Amino acid sequence: MNKGRLIVFSAPSGCGKGTMLAKITENEKFYCAVSATTRSPRRGETEGVDYYYLTKEEFEQKISEGAFFEYASYCDNYYGTLLSEVTPKLEAGINVILEIEVQGAMRIRELSPDALFIFVMPPSVKELRRRLKKRGTESDEIIEKRVSKALDEIPYAKKYDYIIVNAALEDAVEDFFTVIRTDSLTVKAQGKFIDEVIENA
């Protein structure tokens, strides 16, 4: 059985990455690893589905135990991916998507350089601000903090393999699967197949 592909998926807050991932993971070959966080649940979020909600003390205990594949601090909270969310799925041949911010992504560049890196962009900063306001879950102060953070994150897009602009959901999801197909056809991805053809000649 072929191992699954590790996919690093990043986007500034408000770019619609959660909605995109909900559509992508309707395909059973893709699994979005559930992150752990110290932030409070938002209305409608579920433990073990949206996040594993931990106290700061619990999170730091797991750090000391080496339980995280990666973790980072973002907007005054910890976020991280547990090893238990990644390794078993990859071994079972399932593609694992890590929805993480750019700090964690850059660490994974060092830990797993063969991972596929995808960055989702908003059509504009104006549209990003509009989407954040539309949520109705955060104060203007927090929204501006997230916009400022987005402006810090967007330059990191140049360090990713592919960029998807999420102007329309269906188009962005189609672009994701186009990236996956394209990546599977690269010489790097097909190297094992090339060797098998030669060996079986």
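Cut-offs and rules
Residues numbered from 1 in each chain as written. Predicted model: local features only at pLDDT ≥ 70, side-chain atom pairs only at ≥ 80, totals over all residues. Heavy atoms only, no water. Phe/Tyr/Trp six-rings, centres within 6.5 Å; stacked < 30°, edge-to-face > 60°. Lys NZ or Arg CZ within 6 Å of the ring centre and 35° of its normal. Buried < 20%, exposed > 50% of the residue type's maximum accessible area, 1.4 Å probe, protein only. Helix = DSSP H or I, 4+ residues; strand = E, 2+ residues; numbered from the N terminus. Pairing = 2+ DSSP bridges. Axes fitted to C-alpha atoms, helices over the stretch in contact; angles between N-to-C directions.

Novice: So what exactly am I meant to see when it comes to the packing of aromatic side chains here?
Specialist: Note on aromatic pairs: each is described by the distance of the centres and the angle between the planes. Considering all chains together, one arrives at 13 aromatic pairs under this definition. With a centroid separation of 4.4 Å and 20° between ring planes, the pair formed by Phe59 and Phe68 is classed as stacked. Ring geometry for Tyr71 versus Tyr78: centroids 6.5 Å apart, planes at 70°, classification edge-to-face. Over the face of the ring belonging to Tyr31 we find Lys89, whose NZ or CZ atom lies 4.5 Å from the ring centre.

Novice: In this structure, what is going on with the pairing of strand E5 (residues 68–74)? I would like to understand it.
Specialist: Note on strand geometry: in a regular strand, side chains alternate between the two faces of the sheet. Of all the seven residues making up E5, five are buried; the element is thus mostly covered by neighbouring parts of the structure. Two successive antiparallel strands, E5 and strand E6 (residues 77–82), enclose a turn made up of two residues, where Cys75 displays a positive phi of approximately 50°.

Novice: Where do I start with the sheet that holds strand E1 (residues 6–10) in this structure?
Specialist: The strands that make up a sheet pair up through hydrogen bonds in the backbone, lying either parallel or antiparallel. On the basis of which strands lie adjacent, the open sheet formed by five strands has the order E2-E7-E1-E8-E9 and parallel pairing. Each edge of the open sheet is held by one strand with a lone partner, namely strand E2 (30–32) and strand E9 (162–165). Along the sheet, successive strands turn relative to each other by an average axial angle of 25°, direction set aside. In this structure, E2 lies alongside strand E7 (residues 95–99), joined through three bridges in parallel fashion. The partner of Tyr31 across the bridge, within E7, is Val96.

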